[in-house]
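# Results of the structural survey
So the chains spell out like this:
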2 protein chains.
Amino acid sequence: MRTYRYPKKTEWKELTQRPMIQREELSDVVQNIFEAVQHNGDKALLEFIKKFEQADLETVVVSEIEIENAEKEISEELKVAILKAKENITRFHAAQKSEIEKIETVEGVTCWRESRAIEKTGIYIPGGNAPLFSTVLMLAIPAQLAGCSEIILCTPPDQSGNINPAILYAAKLCGVSRIFKVGGAQAIAAMTFGTQSIPSVYKIFGPGNQYVTSAKEYAQRFGVAIDMPAGPSEVLVIADKNSIPEFCAADLLSQAEHGSDSQVVFIATDEEIFMETIKEIENQLKALPRNEFAGESLKNSYFILLNSIEEALEFSNLYAPEHLILTVKSFENYIPKIQNAGSVFLGNYSCESAGDYASGTNHTLPTNGFAKNYSGVSLDSFVKKITFQHITENGLQNLGKTIEIMAEAEGLLAHKNAVSIRLKS
Amino acid sequence: MRTYRYPKKTEWKELTQRPMIQREELSDVVQNIFEAVQHNGDKALLEFIKKFEQADLETVVVSEIEIENAEKEISEELKVAILKAKENITRFHAAQKSEIEKIETVEGVTCWRESRAIEKTGIYIPGGNAPLFSTVLMLAIPAQLAGCSEIILCTPPDQSGNINPAILYAAKLCGVSRIFKVGGAQAIAAMTFGTQSIPSVYKIFGPGNQYVTSAKEYAQRFGVAIDMPAGPSEVLVIADKNSIPEFCAADLLSQAEHGSDSQVVFIATDEEIFMETIKEIENQLKALPRNEFAGESLKNSYFILLNSIEEALEFSNLYAPEHLILTVKSFENYIPKIQNAGSVFLGNYSCESAGDYASGTNHTLPTNGFAKNYSGVSLDSFVKKITFQHITENGLQNLGKTIEIMAEAEGLLAHKNAVSIRLKS
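Small disclaimer: the values here were computed from a predicted structure and weren't measured. (Residues numbered from 1 in each chain as written. Chains lettered and ligands numbered in written order. Predicted model: local features only at pLDDT ≥ 70, side-chain atom pairs only at ≥ 80, totals over all residues. Heavy atoms only, no water.)

### Notes on the packing of helix α5 (residues 133-146) of chain B against helix α6 (residues 165-173) of chain B
Between two packed helices, what matters for the description is the angle formed by their axes and the separation of those axes. All names here are of chain B. At a closest axis distance of 8 Å, the pairing of α5 and α6 adopts a crossing angle of 15 degrees. Judged by the inter-axis angle, α5 sits roughly parallel to α6. The crossing of α5 and α6 is right-handed. Residues F133, V136 and L137 of α5 form the contact with α6, whose participating residues are A166, I167, A170 and A171. (Axes fitted to C-alpha atoms, helices over the stretch in contact; angles between N-to-C directions. Helix = DSSP H or I, 4+ residues; strand = E, 2+ residues; numbered from the N terminus. Parallel < 35°, antiparallel > 145°, perpendicular 65-115°, else oblique. Left-handed = near helix turned anticlockwise from the far one by under 90°. Contact = heavy atoms within 4.5 Å.)

### Section: the pairing of strand β4 (residues 120-124) of chain B
Residue and element names in this part refer to chain B. The element β4 is extensively covered by neighbouring structure, given that four of its five residues are classed as buried. Strand direction decides the pairing type here: β4 and strand β5 (residues 150-155), joined by five bridges, are parallel. Following the sheet pairing, I123 is matched in β5 by L153. Pairing between β4 and strand β7 (residues 203-205): three bridges, direction parallel. By the bridge assignment, I123 is partnered in β7 with F205. (Buried < 20%, exposed > 50% of the residue type's maximum accessible area, 1.4 Å probe, protein only. Pairing = 2+ DSSP bridges.)

### Examining the UniProt feature "binding site: substrate" (unreviewed entry) in chain A
The UniProt feature table records "binding site: substrate" (unreviewed entry) at S233, Q255, H258, H323, D356, E410 and H415 of chain A. Taken together, the annotated residues stretch across 183 residues and extend over separate regions, lying up to 55.6 Å apart by C-alpha. Positionally, D356 of chain A belongs in helix α13 (residues 352-357). Non-local contacts of D356 of chain A, meaning those with residues more than four positions away in its chain, are made with S134, M138, H323 and H363 of chain A together with H415 of chain B. H415 of chain A sits in the buried class, given a relative accessible area of 1%. Once residues lying within four places of it in the same chain are set aside, the contact partners of H415 of chain A are A407 of chain A together with S254, E257, H258, S353, D356 and Y357 of chain B. (UniProt positions renumbered as here; feature names shortened; annotations may be inferred.)

Printed below as a string of structure tokens:
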């Protein structure tokens, strides 16, 4: 745990650096996986699954029976929770639908935008210790609301060839059309090129380890879009004397448990809250089952004392955190000063886990400073907006001269002629 | 000019292929340019300008005096036209601002999104024969509307070290903060890393040749976002017996004159209109000053007879054209069938050049089939949408159990604890 008391602004930039990611080594591995999948399709996938998951499969396709059984395997309590979360996520994302608004820019010239779903979308859900069925909700719900006609999901099986039932249940519930047992860069390659079993898609969503991240970047070379570039998860908490150290510590730890490369930053403007939060972290850490992850990631993390909330927000905008928790008094006054962040949690009771699971906002957010130039996933991520225009004869009379002059000045006389020939007629 | 009469659906996929782009050779060149600019900054830029533009400059910075002089050099007529276009583009893009809508997903749980400008944006404008000041309008107007605090522009100078005055005038008019005389991959590298003169930016916009396209892709590895992947410009025109062959031919040629790699596709459901349009193209082509470009690009192009408008739209959705001109009768009935396109022009008087210059819609659009998964540039391209949430004590009572159950099922107990510790208090 590294602490900084009133660092000078010249030192800030260094404090906004994320733990380094090794990229170069990955690209050869990913390229080889892509080539194998492109040329050998399902056969290559089954070999990779044997190699990486130690599972011996005959097909990557999840059967209807497996999906039906999954529903029986999970508790009623969990089903109810998933349904409630689905309701809230649906409510928030459905409100993002945009009405068609026709604008008459000039008399007789009407322009507007209409949304159309990205027809084929693919969702990647990592395996590992934590079965991220919540991410299934966060990606499949807006995909279904947008009207994507094909929503597929890839996730790695365990050694026995099974997928966590909560993932299958959530996928079925949220309209995923087909589910496949394959993980890692090979899953991304399969959704890029298509195989005998897995269809190719136009856009790939979802988190993953460094191989998956690298594979998603690589997939773009083949015309596939991705949700956003990714990095390890992170939170920045800003506290003043109004904040509650127990809560701050719990939020910092909930981020830290994601993995040893997660980063948490704590900024306080009050010395006492600063010290107590650090003490609370040590207390709470001992009780956590994933405390080896959390302990590691706390080593990458910064605890900073600053003079004012304004200064803290200036730092936060430079850092551009994925999650920003603003537990300070009169937080509403500071909202306009927030420039770069993925998702913001206001006050003492808006814990990050609410947004991670069930409040309704999306948890697929820009990390690694990308909150400076990317939004999190929303309904917009699953649609294209097409512009339309209708110009009447009269409209072209009003607009024609302007177009002719500009086209001529750009030396594009066929552009001019397309107008002149109509005006003459 | 290649004509196809009622091709079978099995042949369609081949007809949607774009002319191939060589990519591999470019990447070494681009990588070397990036390394030179990263390490030698302005010095490298001045050397590249000497090499590629044959211009001997002392600085890449465009001075205030150059900008003032530009205004004197362009005609009143062109100024008026640019101002009118600006007005329309502003009207259409200003309407894209989204209101803040707060959603109470559960009692006591309020979620919403707010837009924030991407603070630092860079615009690239190519040089060459056609001085694309219209693209300055299309990118700088929404950037200014979004509230980007820094909008810089790079464009290559001519041999005497000058920039076309219309580009300078449009840039000044639309709030570009600083203009630099540098083109090609080196301009993209400069905006990625920053140099002594040129600031680094968070997102790069604008068209360019294959080096620029490749450089923009490469820039993403360094955390910079780009507007969209690019390819040569294209139009698909759908005509029935209601269409006017003269107009269709003029629209096809206005696209073809962009460059020898542009692609135009013409689909008619009426044999007579089909033949007459082909004849008209030959007639009009002779009169065009850029007819060597247009002639070349017509060689890459397809003229297709199909049975019905429905079939034509099915083909168009597979092709996913940058521009779609639908000149058919009762075009409004076919709008819901349009799934993949960048910008759509409806009826006999909505020529593509209207949207290229002055109707108000943006002309920076997805090419090369990317209309399947990308939107064109809009106000959205210059902002991030940040999600906010405020949860009251009561709100967390309502939501808490759901979060606890889900977090526990994912094995993330610190996530659960962030809620439990609050519920207990």
